[in-house]
Amino acid sequence: QGTRDHPPAHMALRDRLLAAVVACFKRHGAAAIDTPALELQETLMGKYGEDVKLIYKLQDQGGELLALRYDLTVPFARYLAMNKITNMKRYHIAKVYRRDNPATTRGRYREFYQCDFDIAGQFDPMIPDAECLKIVHEILSDLQLGDFLIKVNDRRILNGVFAVCGIPESKFITTCSTVDKLDKMPWEEVRSEMVGEKGLSPEAADRIGEYVQLHGGLDLIERLLQDPKLSQNKLAKEGLGDMKLLFEYLTLFGITGKISFDLSLARGLDYYTGVIFEAVLLQQENDHVEEAVSVGSVAGGGRYDGLVGMFDPKGRKVPCVGVSIGIERIFSILEQRVKASGEKVRTTETQVLVATPQKHFLAARLKLISELWDAGIKAEMLYKKDPKLLKQLQYCEDTGIPLAAIVGEQELIDGVVKLRDVTTREEVRM
């Protein structure tokens, strides 16, 4: 099916993860919104480039052609346009659907969660963009997933590169989606796809190759600003100027150590108009290897200034920039780690089990557990009239419940409860 069932241990891990992500989004002042899983097909078509074939289209429902949402960005743009909202900072965590070839071991499914953070509104250049990158840095640092790198580029720089390499504008988008494969394929294969499938001349492909294999920081931006060909292109010059500004802000945030200006980054979606970024986890092969290898993208995003205008009857534009955290990919990594370490994941947050050492004490347990629930304490009891005490304590150990509140004949006479620490077996009367 390419989808999966989520057992309690997975859900507990997911909750822990999502809590960290949501805490970060809220820290940055974002409000939560929700949009429907179903959208009109026309809302989604023409927004995703070659990925449009991955949209789940539903059958005609009496004249309405609907589809399942492919991401959370396009519905957000539609929502802004419909409600005439020109200014918003939001987050949205929900399922999206893709008719993809699933790779479940790598966290690729047909139904999966996305965690999006977006800033919509007319602001001074690169300030919201820098905040989106700071958020990615914060989340990946908080989750302690290991070493990571955030690649940054700009669609205007890429389009400028294509223009100076002699590519006609009609082929910019398809060339872009081929360049986007550079993180998965060597340059030779990307080049042969450009020439063989996309109809570029070998000379043009070679000229593109000289640029798209470059990566660095401020020094590379300065070098490209002096490049005799690129500096003559208006789009590329604009993009490089903004990239320089972005790196100045990222320096102030103190995060440039994890950021790379990478000209091979293209991101396949049609709607990006400016800065684009993608975070990858790095993995040391062994101690003797200098170069770290990427283990896949865990976050991505960019600027999409034209998308809201596509849904506005008058074409009014609302500039937007956003980031999506690939939570399913991160789940997969965490699950593998937990499995490898043999660590047990607590599947409930129960604080105390109400237990009894004798028979005929169900009424006492029910009264006590009711008091605990009413007081906001997370409590459980076994659903048996007369369970054995050993069985009740074993349940605590199996599920990781830290405390047992024991009430028996003597406790009832004395008006106390015996509180037992399940791990240390220490007991106190209260």
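Note that the coordinates shown come from a computational prediction; the quantities given were computed from them, not determined experimentally.

**As for the packing of helix 5 (residues 155-164) against helix 10 (residues 234-253)**
Relative placement of two packed helices is described by the angle separating their axes and the distance separating the axes. Between helix 5 and helix 10, the shortest axis-to-axis distance is 7 Å and the interhelical angle comes to 145 degrees. Crossing of helix 5 against helix 10: the hand is left-handed. Residues Arg156, Ile157, Asn159 and Gly160 of helix 5 touch helix 10, and the partners they reach there are Leu235, Ala236, Glu238, Gly239, Leu240, Asp242 and Met243. Class assignment of the residues belonging to the contact of helix 5 with helix 10 gives a composition of five nonpolar, three polar and three charged.

**What to know about the pairing of strand 5 (residues 111-120)**
Of all ten residues that make up strand 5, nine are buried, and the element is covered over most of its length. For strand 4 (residues 88-97) and strand 5, the ladder comprises ten bridges, and the chain directions are antiparallel. Each bridged residue has a counterpart across the sheet, and for Ile93 the counterpart in strand 5 is Cys115. When strand 5 meets strand 11 (residues 320-325), the two strands line up antiparallel, connected through six bridges. Paired with Ile119 across the two strands is Val321, which belongs to strand 11.

**Let's talk about helix 5**
Within helix 5, eight of the ten residues are buried, which leaves it mostly tucked inside the rest of the structure. Looking at the buried positions of helix 5, the neighbouring elements they touch are strand 6 (148-154), helix 6 (172-179), helix 8 (202-212), helix 10, strand 8 (259-262) and strand 9 (275-283). The N-capping residue of helix 5, defined by a side-chain oxygen 2.8 Å from the backbone nitrogen of Arg156, is Asp154. Gly166 occupies a position one or two residues after helix 5 and carries a positive phi of about 85 degrees.

**Points about the UniProt feature "binding site: L-histidine" (unreviewed entry) in the protein**
Mapped onto the present numbering, the UniProt feature "binding site: L-histidine" (unreviewed entry) falls at Asp71, Leu72, Thr73, Arg98, Gln114, Asp118, Arg267, Tyr271 and Tyr272. Filtering the just-named annotated residues for those lining the second largest pocket gives Tyr271 and Tyr272. Considering the arrangement of structural elements, one finds Asp71 in the loop between strand 3 (66-68) and helix 3 (73-82). For Asp71, the residues in contact, after removing those within four places along its chain, are Tyr48, Val96, Arg98, Gln114 and Tyr271. At 2.7 Å, the side chain of Asp71 forms a polar contact with the side chain of Tyr48. Along the chain, Arg267 turns up in the loop between strand 8 and strand 9. Setting aside anything within four residues of it in sequence, one finds Arg267 in contact with Arg155, Asp180, Tyr272, Ile276, Phe277, Glu278, Gly300 and Gly301.

Rules used throughout
- Residues numbered from 1 in each chain as written.
- Predicted model: local features only at pLDDT ≥ 70, side-chain atom pairs only at ≥ 80, totals over all residues.
- Heavy atoms only, no water.
- Axes fitted to C-alpha atoms, helices over the stretch in contact; angles between N-to-C directions.
- Helix = DSSP H or I, 4+ residues; strand = E, 2+ residues; numbered from the N terminus.
- Left-handed = near helix turned anticlockwise from the far one by under 90°.
- Contact = heavy atoms within 4.5 Å.
- Nonpolar A, V, L, I, M, F, W, Y, C, P; charged D, E, K, R; others polar.
- Buried < 20%, exposed > 50% of the residue type's maximum accessible area, 1.4 Å probe, protein only.
- Pairing = 2+ DSSP bridges.
- Polar contact = N/O pair within 3.5 Å; in protein donor to acceptor, adjacent residues only side chain to side chain.
- UniProt positions renumbered as here; feature names shortened; annotations may be inferred.
- 1 Å grid on protein atoms, 1.4 Å probe; cavity = no way out; pocket = protein on both sides within 12 Å on 5 of 7 lines; lining within 4 Å.

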